[in-house]
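# Commentary on secondary and tertiary structure
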Amino acid sequence: MKPTYGRVSRYGMIAFGSSLDCPGPIGRDVRDTAMMLQVIAGLDRQDSTAVKTLVPDYLQGLDEGIRGMRIGLSPDYFRIAFPDPESGEYSEQGLPGEISDAVHRAAHLLAQQGAEIVEDVPMPNTRYGIPAFFVISRVEAASNLHRFDGVKYGYRTPGTVDDLKQMYKKNRGEGFGLQPKLRILMGMYVSAAQYSEQYYQRALKLRAMIRRDFDQAFDQDGKYRLDALLTPTTPTTAFPIEAVYGDSVLMQYADQLTVPANHAGVPGISLPGGVDQEGLPIGIQLLGPDFSEAVLLRIGRAYEAASAGETWRREQPAVLKSR
Amino acid sequence: MELCDRTAYEIVSLIRQRKTSAEEVLESVLERIQAVEGRTGSLDVSQLTEEDRERVHAYLTLTEERARKQAYEVDRKVADGEDPGLLAGFPFQLRMSFVLKGRLPLQHPACYPTLYHPIRQHRWLEWKQPVRSFWEKPTWMSLFLGHPVNPLLTSPARATPGIQAVFPADLPVAVPPLWQPGKQSFRWGLIQPDLSASRLHSAELWE
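A few points on the structure. (Residues numbered from 1 in each chain as written. Chains lettered and ligands numbered in written order. Predicted model: local features only at pLDDT ≥ 70, side-chain atom pairs only at ≥ 80, totals over all residues. Heavy atoms only, no water.)

## Here we look at the overall build of chain B
Here is the rule: Each helix corresponds to a stretch of at least 4 residues labelled H or I by DSSP, and each strand to a stretch of at least 2 residues labelled E; elements are numbered beginning at the N terminus. Burial classes follow relative accessibility: with a 1.4 Å probe on protein chains only, a residue under 20% of its type's maximum area counts as buried, one over 50% as exposed, and anything between as partly exposed. Two residues form a contact once any of their heavy atoms are found within 4.5 Å.
Each helix and strand counted, chain B has five helices and two strands in total. Put simply, chain B runs from its N terminus to its C terminus through helices and strands in the order α-α-α-α-α-β-β. Taking all 207 residues of chain B together, the buried fraction comes to 32%. A fraction of 52% describes how many contacts in chain B between residues 6 or more apart in sequence connect residues 24 or more apart.

## Details of the pairing of strand 5 (residues 228-232) of chain A
Residues and elements named next belong to chain A. Basically, it comes down to this: Strand pairing requires that DSSP identify at least two bridges connecting the strands.
When you tally the buried positions in strand 5, you get five out of five residues, the bulk of the element. Where strand 1 (residues 70-73) and strand 5 come together, three bridges link them in parallel fashion. For leucine 73, the partnering residue across the bridge sits in strand 5 and is leucine 230.

## A short note on the pattern of salt bridges
Side chains that carry opposite charge are capable of pairing whenever their charged atoms lie near each other. The test is simple: When a carboxyl oxygen of Asp or Glu lies within 4 Å of a side-chain nitrogen of Lys or Arg, that pair is called a salt bridge.
Tallied over the full model, the rule gives 21 salt bridges over all chains. Three or more residues joined by partner-sharing salt bridges are found here, namely Arg31, Asp63, Arg301 and Glu304 of chain A.

## Details of helix 5 (residues 178-191) of chain A
An α-helical segment advances 3.6 residues per turn. Residues three or four places apart therefore align on the same side. All names here are of chain A. For the record, the criterion: One fewer than the residue count of a helix, multiplied by 1.5 Å, yields its expected span. The directions from the helix axis to the C-beta atoms form the arc being described.
Relative to the 20 Å expected for 14 residues at 1.5 Å per residue, helix 5 spans 20 Å between its end C-alpha atoms, a close match to the ideal helical length. Three or more residues of helix 5 are buried, namely Ile184, Gly187 and Val190. The buried side chains of helix 5 occupy one side of the element, clustering within an arc of 145° when seen end-on. Opposite its buried face, helix 5 presents the exposed residues Leu178 and Leu185, each directed more than 90 degrees away. In this structure, the buried side of helix 5 is in contact with helix 3 (129-145), helix 6 (193-196) and helix 7 (200-218).

## Notes on the interface of chain B and chain A
Rules: Accessible surface is computed with a 1.4 Å probe, and the buried area is the amount of it that two parts give up when combined, taken over both parts together. The term polar contact refers here to a pair of N or O atoms within 3.5 Å; inside protein, the definition further demands a hydrogen-donor-capable atom paired with an acceptor-capable atom, and it admits residues adjacent in sequence only when both atoms are side-chain atoms. Each residue is assigned to one of three groups, with Ala, Val, Leu, Ile, Met, Phe, Trp, Tyr, Cys and Pro labelled nonpolar, Asp, Glu, Lys and Arg labelled charged, and all others, Gly among them, labelled polar.
Each partner contributes to the interface: chain B provides 34 residues, whereas chain A provides 29 residues. Summing both sides of the interface, chain B and chain A together bury roughly 2,900 Å²; the carbon and sulfur share of this comes to 68%. Counting across the chain B and chain A interface gives zero salt bridges. Here chain B is connected to chain A by five residue pairs in polar contact (both at pLDDT 80 or more). Broken down by secondary-structure element, the contributors of at least two residues to the side of chain B that touches chain A are helix 1 (8-16), helix 2 (22-36) and helix 3 (50-54) of chain B. Here the side of chain B that touches chain A is built from residues that sort into 19 nonpolar, five polar and ten charged.

## Quick word on the environment of leucine 43 of chain A
Residue and element names in this part refer to chain A. Summarising the element assignment, leucine 43 is placed in the loop between helix 1 (30-40) and strand 1. Residue classification places leucine 43 among the exposed residues on the basis of a relative accessible area of 55%. Spatially, the C-alpha atom of leucine 43 lies 8.4 Å from that of leucine 54, the residues being eleven residues apart in sequence. Those residues within four positions of leucine 43 in sequence are excluded, and the remaining contacts are Ala50, Val51 and Lys52.

## Here we look at the nonpolar core
Residues and elements named next belong to chain A. So the rule is basically this: Only buried Ala, Val, Leu, Ile, Met, Phe, Trp, Tyr and Cys residues count toward a nonpolar core, and they belong to the same one when joined by side-chain atoms within 4.5 Å.
With 36 residues, the main nonpolar core has Tyr77, Ile80, Val121, Met123, Phe214, Leu226 and Leu229 as its most contacted residues. Mapped by element, the contributors of at least two residues to this core are strand 2 (79-83), helix 2 (97-112), helix 3, helix 7, helix 9 (259-264) and strand 7 (281-287). The element best represented in this core is helix 7, accounting for seven residues. Excluding residues within four positions of it along the chain, leucine 226 makes contact with Arg70, Ile71, Gly72, Val118, Val121, Ala217, Phe218 and Gln220.

## What to know about the sheet that holds strand 5 of chain A
Residues and elements named next belong to chain A. Basically, it comes down to this: The axes are straight lines fitted to the C-alpha atoms, using for helices just the contacting stretch, and the angles between their N-to-C directions are given from 0 to 180°.
Pairing within the open sheet is mixed, and its five strands lie in the order 4-1-5-7-6. Two strands lie at the open edges of the sheet, namely strand 4 (116-118) and strand 6 (268-275), each paired on one side alone. Strand-to-strand twist of the sheet, defined as the mean angle between neighbouring strand axes without regard to direction, takes the value 30°. Seen against the sheet, helix 10 (residues 293-306) touches strand 1, strand 5, strand 6 and strand 7 and runs at an angle of roughly 15° to strand 6.

## Concerning the packing of helix 2 of chain B against helix 4 (residues 64-80) of chain B
Residue and element names in this part refer to chain B. Condition: When describing relative orientation, an angle under 35 degrees is termed roughly parallel and one over 145 degrees roughly antiparallel, while 65 to 115 degrees is termed roughly perpendicular and anything else oblique.
Packing of helix 2 against helix 4 leaves a shortest axis separation of 8 Å and a crossing angle of 155°. The angle between helix 2 and helix 4 places the two elements in the roughly antiparallel class. Touching Ala22, Glu23, Leu26, Glu27 and Leu30 of helix 2 are Glu64, Ala67, Arg68, Ala71, Tyr72, Val74 and Asp75, all from helix 4. Of the residues assigned to the contact of helix 2 with helix 4, the class counts are seven nonpolar, no polar and five charged.

## Overview of helix 2 of chain A
Residue and element names in this part refer to chain A. For helix 2, built from 16 residues, the straight-helix expectation of 22 Å at 1.5 Å per residue is met to within 8% by its first-to-last C-alpha distance of 22 Å. By the burial criterion, the buried members of helix 2 are Ile99, Ser100, Ala102, Val103, Ala106, Ala107, Leu109 and Leu110. Of the surrounding secondary structure, the elements contacted by the buried residues of helix 2 are strand 1, strand 4, strand 5, strand 6, strand 7 and helix 10. Following helix 2 by one or two positions, glycine 114 adopts a phi angle in the positive range, close to 105°.

## Overview of the packing of helix 3 of chain A against helix 5 of chain A
Residues and elements named next belong to chain A. Following both chains from N to C, one finds helix 3 and helix 5 inclined at 105°, their axes separated by 7 Å at the closest point. When the axis of helix 3 is compared with that of helix 5, the two are roughly perpendicular. Touching Phe134, Val135, Arg138, Val139, Ala142 and Leu145 of helix 3 are Pro180, Arg183, Ile184, Met186, Gly187, Met188, Val190 and Ser191, all from helix 5. Its residues placed into classes, the contact of helix 3 with helix 5 shows ten nonpolar, two polar and two charged.

Structure representation (structure tokens):
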């Protein structure tokens, strides 16, 4: 589960993108997740972004059911829209059938439990999630990783150095791997004075647009009045172990359906929703308005109970089968 | 079904009812880790072996001893009838990068107590050692002004006779930011040169 931004303190985490980072529990089932969230949520003096809002009892209403809840489905979460690197024009690619089927099956189960399914909720700015994430997270990573200079913080080169500059260079050069270096370089580039307007400022505007999508969908006086949005978690199932990032469009956009929650700061929970032909797990995701963790857990629990008898729930990982 | 396959809710209830102990749960989890975990992941991934493909590479750090101590403490609390806390006795993992209390990363200086001394190794940090700045190469400026000298680090006692820099009486000398005294430190600024012994500049000083 990814709680609302600020629900859980970020103290102790190695910061990457401070406005996107959000710690959350992973559990064997929904009740475990609720228990863990109960323990870690709350105010912390060590993190100024942790909020004062009281932590409700997440375990209390867990089994109360979802009768009358409005759960939305958005077509924008069932396709990946990506720009052409040359022309910048957007093309669309549908999600694999198995994944959208799993979500629709879940929607059907939830409807049987008494929830009202609202279809065709527009979330038009979902497609900008990844580009905005690339810019914002890189800028924040470059800023955050500055502190690993090896003087007060982080790796210090064991070799000898002649002067301060060389020491900084060696500390960072040896301490960071390729990926952090790429992120720092890109972050410095897109936040530089002459490029900031083109990249970082624009990404921040996109972020506000993504947030507005959620505000409209969850607005209790609006058109849709959703309690939660039901989406797939990822556009594909897991990649094979030696797959290279960028091999396929779907791989590059693996985070497209989950980053909107980080941009908007809203809570989300991903639940196992079946397996594909190869036996790899498929995830379904519920997104809700700010501080609606209890509602999401309740829907998750209802779904879990309704699908408890399904055969895929008894699948075991290969590493345990071979024992 | 082994203990480690149960949900946290079940495990915690079993511990509270004293049908099992936190130590048993922990051993069950450690046993499973032993059974399925392969070599520790690293940035430098060489050729994958057959074993690498079959096993899980989940842990960078396992704090077994600390977990055992904590499990013992939970069992003691349950036995004494104290409230051990909502999730007490349930072993957990941290995913992604977290700072761990009481653990030093391998590269940390304190891991090399004999090889490495953070202060001595770096001349720029050593007290009363002159610093080669980015002005270390002679430039046209140093021809006239001499090298800038850290005013904090020079003292008449240290200044040995050598090549004396020639300071024109009213020309200010720029000093690199880090080594300015007092309130002016960390800023570029200008100080008035004086021709006292502390401003002596010797070749030996720059060794």
